[in-house]
Amino acid sequence: PSARFVIASSPADPARHRRAVLFMIVAAVCWSSGGFLVRQLSITNAWEIVFWRSLFMSAFVAGVLLVMHGRGMPAAVRAAGWPGVIAGLFLSGTFFFFIGSLTRTTVANTFVLMSMSPLFAAVAAWLFLRERVRVHTWLAIAVALSGVLVMFGGAMDAGQLTGNLLALGVSVCFAAQLTVLRKFHATVDMLPMVMIAGLWTLVPAYLLAGPFAATGRDLAWLLLMGCVQLGIGCLLATAASRTLSATELGLLALLEPILGPIWVWVLMGEHPGPSALTGGAIVLSAVIANQLLGAWRSRATAADLPLAGP
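Right, let's walk through the structure included here. (Residues numbered from 1 in each chain as written. Predicted model: local features only at pLDDT ≥ 70, side-chain atom pairs only at ≥ 80, totals over all residues. Heavy atoms only, no water.)

Concerning the pattern of salt bridges
- With the rule as written, the count across this model stands at two salt bridges.
- In this structure, Arg39 and Glu270 form a salt bridge, with 2.7 Å as the shortest nitrogen-oxygen distance. Note that Arg39 is positioned in the loop between α2 (34–38) and α3 (46–69) and Glu270 in the loop between α13 (255–268) and α14 (274–297), a separation of 231 residues in sequence.
- Relative accessible area serves as the criterion here: at 23%, Arg39 is assigned to the partly exposed category.
- Two residues, Glu131 and Arg182, come together in a salt bridge whose shortest N-O distance is 3.5 Å. (Salt bridge = Lys/Arg side-chain N within 4 Å of Asp/Glu carboxyl O. Helix = DSSP H or I, 4+ residues; strand = E, 2+ residues; numbered from the N terminus. Buried < 20%, exposed > 50% of the residue type's maximum accessible area, 1.4 Å probe, protein only.)

Spelled out as structure tokens, the structure:
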């Protein structure tokens, strides 16, 4: 999760604003396809999936940066600085946790538990940056945690329980990444940071993957994951962030945890189960309500909020 989200659009340019909204919606749709794409693979080794996905994504983003900056590409990457490198490390953690979770639990559980990232980020800001957390956010955290307990109560087998914990790891890494950027007052472009995160993952994923078993069909799906699900998603979100406010971006990004489970439910028949549906509805309601209340309180302000799908 990371991007440069800076200034709200001018109301005098509605066409540009509508285009940015469309870009962010398509970005969220791209990110939401992760669960469906993982389910198309014949391999279940999370380390190998992470390796190929990150390799294709890094190559795609490097190509985009080269087109955008030409000979200035190395300078654009260096501009991320140490905050970008450290934040990229935490972003790489979301890659591992995301794929690890999807290979151990339902897509619905993974995406719903990931949606708590903004709430985790608020707690991290309170603990480490002494930022005030509003009452409605504390209430949202309490309600969301009750939903998490419902979801965990339905995960009776050890594998699904591990998958749920890994999904929460995505939120923890997001919170750590955002805290680093705020601590150093960093404004870091998403695309170089995503490439840095991809590079962080390659060596450990390669060393831990063991014998590679991906077929040609698997590589085609992994290419789609790296270039479209992550690469194009982040590219469109970067473009949208130049026009939309942080609040608008955060609300539109909630399409990801809503759509992600729908794809596999409708297209593949992966039913999340009653406890996941009940707990997920509680969690998503808390997160959405918190975002809407935050938007209502800060309609006249713009804020920096890093964001991106894992």
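Description of the packing of aromatic side chains
- Counted under the stated rule, the structure contains ten aromatic pairs.
- Ring geometry for Phe51 versus Trp52: centroids 5.3 Å apart, planes at 75°, classification edge-to-face. Accessibility assignment for this pair places Phe51 and Trp52 in one class, buried.
- Relative to Phe212, the ring of Phe51 has its centre 5.3 Å away and its plane inclined at 75°; by these criteria the two rings are edge-to-face. Of this pair, Phe51 sits in helix α3 while Phe212 sits in the loop between α10 (190–209) and α11 (216–241), and the two are 161 residues apart along the sequence.
- Given a relative accessible area of 32%, Phe212 falls into the partly exposed group.
- One aromatic cluster is present, formed by Phe51, Trp52, Phe56, Tyr206 and Phe212 through successive ring pairs.
- Just above the ring of Phe95 sits the side chain of Arg53; from NZ or CZ to the centre is 5.6 Å. (Phe/Tyr/Trp six-rings, centres within 6.5 Å; stacked < 30°, edge-to-face > 60°. Lys NZ or Arg CZ within 6 Å of the ring centre and 35° of its normal.)

Brief notes about the side chain of Ser92
- Tracing the sequence through the fold places Ser92 in helix α5 (residues 81–102).
- In contact with Ser92, not counting residues within four places along its chain, are Ala197, Trp200 and Thr201. (Contact = heavy atoms within 4.5 Å.)

Focus on the side chain of Thr201
- Structurally, Thr201 can be placed in helix α10.
- Thr201 sits in the buried class, given a relative accessible area of 0%.
- One polar contact links Thr201 to Ser54, side chain to side chain, over a distance of 2.8 Å.
- When residues no more than four places from it in sequence are discounted, the contact partners of Thr201 are Val50, Ser54, Ser92, Phe95 and Phe96. (Polar contact = N/O pair within 3.5 Å; in protein donor to acceptor, adjacent residues only side chain to side chain.)

Comments concerning a nonpolar patch on the surface
- Together, Ile258, Ile262, Trp265, Val266, Leu267, Met268 and Leu277 make up a nonpolar patch on the protein surface, roughly 620 Å² of accessible area in all.
- Broken down by element, the nonpolar patch gets its largest block of residues, six residues, from α13.
- Within the secondary structure, Leu277 sits in helix α14. (Patch = residues over 30% accessible without salt bridge, like charges linked within 9 Å, V, L, I, M, F, W, Y side chains within 5 Å. Areas by Shrake-Rupley, 256 points an atom, 1.4 Å probe, with all protein chains shown as cover.)

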